[in-house]
Structures are given as structure tokens and as C-alpha cells.
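Structural overview for review
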Amino acid sequence: MSTLLDLTQQGDVATITDESKLSSVKLMTPQQLYELWERQNWQSHTISFERDKEDWAGLSDADKDAIVWGLSSFFIGEERVATQFNGLVGAYESQAEEAFLCTQQVDEARHAQHFNRFYEQVIGYDGTFESRLDRAREDVSDAFKVLFDDKLVEANQRLLRDPGDREAKVDFVVTYHMVIEGTLALTGQANITDQFEQAGIMPGFLEGFRLISQDEHRHVAYGTWFLQQAAQDPALRKRIQARLFELIPIASGVLVPPGVDAADNYEIFGKTRDEVMGYAFTALTRRLKVIGVPLQAPDEEAVPA
Ligand SMILES: [Fe+2]
Ligand SMILES: [Fe+2]
């Protein structure tokens, strides 16, 4: 079977563990990813949290605090990526790309809806969607704010000002699809899912979270496709590397729990720092291999003949 068929479940090359296949993989196109979205569509409001409420009531205060800290970055993150995406939708270059990007913005709104319901019904944050977001914001780190409130917002604003700016589009997709979704979100999702599955808790939350993860793999597949096209241009290749070098230290800081020194061998979501970082950067490296841009400083690369 071709590797293209291997990808049709989620489209993301990071799921290919045979590294020798990475250099010859044929990526799904925006049209194929749009059609995959139609097949994978789902509803957040039909998920039941009845068992989750019982599970939550049985947790210790320390476990509740740790879960809220971990999930608040997702809740705020989903709000950010839903509201800071319109610049990319306007920067489409074909009807198929426009159709796919519209589906991604709908997905992010749905993901935020899942978290809002969980925070209201299970964690018990009263009030409105907005007040729940304000409260969840108290748990996010300074590195998180730099990435989501500064770097992401600036990249979106630049695309809104000039949708034809290719460098701005590359900066946005590296920030959003490669770093926020591909490196941070999918790593946190895998670890939180493992932790809840092992504890046998939160089935309603997990039902939505697995579907969110499926959506995220499809989103990252688009980003990989776009950057592979962009990387044909030597100037844009350097741009991809420069943006990664700017953002990777910030992204690493987002994964550090509160009150912990980044150099310590801390635990997060039941995993060691090295396990978490290893998972995150293995996935990023696989995607970059397919894009054709090695992870190194932009001025270290030999100029192609
Ligand atoms: Fe999302
Ligand atoms: Fe996403």
C-alpha cells in the first residue's frame, strides 16, 4: 500500500514511525484534507459528562489543581487559535485551501466549546464563557502569554494587513501549525489522555479530547503541506528555520509547570521532562524532514546548488 493511504486516517506524517518512508511520503492536499474533515465531523454538545462529575468529586484537591493547571492552557489555547486564525483564512491561494481553512476555524471554535462545557459542568466554574476564560487565564505561564498573546497575534495581524505577504504566511503557519499545534498541543493531548486512561477517569472529557486530537493531526497535516510548498523557495526555507529558532525556546518554556526550574528534571502529566520533550521534538523533526528543512540555525545550511 502507498504511504498516502497510511495517512488517510489523520493525514499527519508524525504518525509514520518508519523514518525511511519520510523522504518519499506524498502529503494529502487541502482538497483531500477538506474531504477528510467531512468524514470526521463531530458534535461537542452531545457528549455526556455525568461520569466525569462523579470522578471529579472523588479527586484530591492536589489532583484537581494539577488537572486545572494542565487543562487551562488548552482552554485558553483553543480560544486563542479560534480567534487568531482569520488572517490565514483570508490568505488562501486556491478554492480547496480556502475550504479547508474554513473547516479549521470551525474546528477550533468547537474545541473551545468542549472545554467551556467541561469547565462549567465538571470543574464547576460558574458564570459565563468569558468569565471562565478569565479565571483559566490565571493558570497560564509567562512563556504561554508570549507565544499566544504576542507572537501568534502579531503573525495574524500581519496577514490581515497583507494577505499576499508570503513571509507573513510562513511565519504564521510555523507559529500556529508547527509549534503550537504540532509541538505543544499534540504532546499535551497524548500525555493527558494517557494519564486519564491509566486512572480510568473522565470518559466524557476523553471522548471529546480524542476527537480534538484527530482534528489537530489534520490541521498539522495542512501546515506540513503548506510549508513543503513554501520550502521550494530558498529565502522562505531560511525564514522557516529562523522562525523555528525564535519560537522553540519559548515553546519549551510553555511545557514547564509552575514553580519549577526549567533545568530541573520535573514531571508533567505523569511523565518526566525528557519523555515530554522527546515526544514533542521527535514529532517536529519528522515533519521538518518531510518539509525538507532541517532543524538548524538558518545560516548554517549550505546554499543549494
Ligand atoms: Fe484546537
Ligand atoms: Fe487545531
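No experiment lies behind these values; they were computed from the predicted model shown.

Thresholds, definitions, all that
- Residues numbered from 1 in each chain as written.
- Chains lettered and ligands numbered in written order.
- Predicted model: local features only at pLDDT ≥ 70, side-chain atom pairs only at ≥ 80, totals over all residues.
- Heavy atoms only, no water.
- Donors = N, O, S within 2.8 Å, 3.2 Å for Na, K, Ca; no water.
- Tetrahedral: all angles 85-135°; square planar, octahedral: opposite > 155°, others 65-115°.
- Buried < 20%, exposed > 50% of the residue type's maximum accessible area, 1.4 Å probe, protein only.
- Helix = DSSP H or I, 4+ residues; strand = E, 2+ residues; numbered from the N terminus.
- Contact = heavy atoms within 4.5 Å.
- Phe/Tyr/Trp six-rings, centres within 6.5 Å; stacked < 30°, edge-to-face > 60°.
- Salt bridge = Lys/Arg side-chain N within 4 Å of Asp/Glu carboxyl O.
- 1 Å grid on protein atoms, 1.4 Å probe; cavity = no way out; pocket = protein on both sides within 12 Å on 5 of 7 lines; lining within 4 Å.
- Points joined across faces, edges and corners; volume = space filled by probe spheres on them.

For the rest of this paragraph, the subject is the coordination of the iron ion (ligand 2). Only Glu108 (OE), Glu181 (OE), Glu216 (OE) and His219 (ND1) from the protein coordinate the iron ion (ligand 2), and they sit 1.9 to 2.2 Å from it. Coordination at the iron ion (ligand 2) is irregular: its 4 donor atoms span angles of 92 to 161° at the metal. Counting along the primary sequence, the residues that act as donors to the iron ion (ligand 2) give the motif E-x72-E-x34-E-x2-H. With relative accessibility at 2%, the residue Glu181 sits in the buried group.

One non-glycine residue, Met202, adopts positive backbone phi at about 60°. With respect to the helices and strands, the residue Met202 is situated in the loop between helix 9 (166-199) and helix 10 (203-230). Among the residues examined, Met202 registers a relative accessible area of 0% and is labelled buried.

Moving on to the environment of Ile47. Among the structural elements, Ile47 can be located in the loop between helix 2 (30-40) and helix 3 (50-57). With a relative accessible area of 3%, Ile47 lands in the buried category. Beyond its immediate stretch of four places on either side in the chain, Ile47 contacts Trp42, His114, Arg117, Gly204, Glu207 and Gly208.

What follows deals with the packing of aromatic side chains. Within the structure shown, the criterion is met by 20 aromatic pairs. Summarising the aromatic geometry, the rings of Tyr34 and Trp37 are spaced 5.8 Å apart at their centres and angled 35° between planes, so their arrangement reads as tilted. Here the residue Tyr34 and the residue Trp37 both occupy positions in helix 2, the gap between them amounting to 3 residues, near one helical turn. With 6.1 Å between their ring centres and 25° between their planes, Phe75 and Phe129 make a pair best called stacked. Here Phe129 lies in helix 7 (residues 129-137) and Phe75 lies in helix 4 (residues 61-83), a separation of 54 residues in the sequence.

The next subject is the coordination of the iron ion (ligand 1). Protein coordination of the iron ion (ligand 1) is provided by Glu78 (OE), Glu108 (OE), His111 (ND1) and Glu216 (OE), with donor distances spanning 2.0 to 2.3 Å. Seen from the iron ion (ligand 1), its 4 donor atoms lie at angles of 92 to 141°, and the figure they make is irregular. When the donor residues of the iron ion (ligand 1) are listed from N- to C-terminus, their spacing reads E-x29-E-x2-H-x104-E. A separation of 3.4 Å is found between the iron ion (ligand 1) and the iron ion (ligand 2), which share Glu108 as a coordinating residue. With Glu78 in helix 4 and Glu108 in helix 6 (residues 95-123), this pair connects stretches of sequence that are 30 residues apart. When its relative accessible area of 4% is taken as the criterion, Glu78 is described as buried. Note on Glu108: relative accessible area 0%, which makes it buried.

Inspection of every chain in the model, using the stated rule, returns 18 salt bridges. Linking Arg218 and Asp215 is a salt bridge whose minimum nitrogen-to-oxygen distance equals 3.0 Å. Of the two residues, Arg218 and Asp215 both sit in helix 10, 3 residues apart, roughly one turn of that helix. With respect to burial, Arg218 and Asp215 carry one shared label: buried. If you follow the salt bridges from partner to partner, you end up with Glu79, Arg80, Arg137 and Asp149 in one network.

Attention now moves to the layout of surface pockets. The calculated volume of the largest pocket comes to roughly 300 Å³. For the largest pocket, the lining is made up of 17 residues, of which Asp63, Ala66, Ile67, Gln195 and Phe269 are closest to its centre. Within the residue set of the lining of the largest pocket, elements represented by two or more residues are helix 4, helix 9 and strand 1 (267-268). Among the elements that make up the lining of the largest pocket, the one with the highest residue count is helix 4 (6 residues).

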